[in-house]
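Take a look at the letters that make up each chain.
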Amino acid sequence: QVQLMESGGGSVQAGGSLRLSCQVAGVNISTYCLGWFRQVPDKAREGVGIMDNTGDPSYADAVKGRFTISRDNAKNTLYLHMNNLESEDTATYYCAAPATPFPPGPCIGTMILGGIGMNYWGKGTLVTVSP
């Protein structure tokens, strides 16, 4: 069983930055697929990016060039560095993991599918970007 806990959300003006953290328990993140997702009320959940088991990140087009995913294996923590934030980035951000160690292809696939295939989710952290 995998447990995840996000932190680092808050309010920021457009153009600002935030760093979100996802503390992971129950699995070694250096061997696992992990993802960041976001959701706003009345809209579908969307993938933000993933870090595959090799340490290679992938990003959704909406955030590419602005967001960066990294990991600290010693702390078993995944990060989402959010730069040049836009009002459209306002959402609750979640980290997630599958029940089995997805290889890179399925890991990217679950990002594209908005988290379908992920089994374990944190409770989320709210990011609010004012224009």
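Here goes a summary of the coordinates provided.

Each value, and the rule that gives it
- Residues numbered from 1 in each chain as written.
- Predicted model: local features only at pLDDT ≥ 70, side-chain atom pairs only at ≥ 80, totals over all residues.
- Heavy atoms only, no water.
- Disulfide = S-S within 2.5 Å.
- Helix = DSSP H or I, 4+ residues; strand = E, 2+ residues; numbered from the N terminus.
- Buried < 20%, exposed > 50% of the residue type's maximum accessible area, 1.4 Å probe, protein only.
- Phe/Tyr/Trp six-rings, centres within 6.5 Å; stacked < 30°, edge-to-face > 60°.

**A closer look at the state of the cysteines**
Cysteine pairs can be covalently joined through their sulfur atoms, and such a bond is termed a disulfide.
So, step 1. Per the stated rule, a full pass over the model turns up 2 disulfides.
So, step 2. A sulfur-sulfur distance of 2.1 Å marks the disulfide that ties Cys-22 to Cys-95. Note on the Cys-22 and Cys-95 pair: the S-S dihedral is about 75°, so by sign convention the disulfide is right-handed. One end of the pair, Cys-22, is in strand 3 (residues 18–25); the other, Cys-95, is in strand 9 (residues 91–97), with 73 residues separating them in the sequence.
So, step 3. We classify Cys-22 as buried; its relative accessible area is 0%.
So, step 4. The exposure class assigned to Cys-95 is buried, which follows from its relative accessible area of 0%.

**Notes on the packing of aromatic side chains**
Ring pairs (aromatic) are described by centroid distance and by the angle formed between their planes.
So, step 1. Counted under the stated rule, the structure contains 2 aromatic pairs.
So, step 2. Here the aromatic rings of Phe-37 and Trp-121 are separated by 5.1 Å at their centres, their planes lie at 55°, and the arrangement is tilted. Placement of the pair is Phe-37 in strand 4 (residues 34–39) and Trp-121 in strand 10 (residues 120–121), with a sequence separation of 84 residues.
So, step 3. Between Tyr-94 and Trp-121, the aromatic rings sit 6.4 Å apart at their centres with planes inclined by 80°, giving edge-to-face as the arrangement. In this pair, Tyr-94 is assigned in strand 9 and Trp-121 in strand 10, connecting sequence segments 27 residues apart.
So, step 4. You can call Trp-121 partly exposed: its relative accessible area is 27%.
So, step 5. An aromatic cluster of at least three residues, connected via ring pairs, comprises Phe-37, Tyr-94 and Trp-121.

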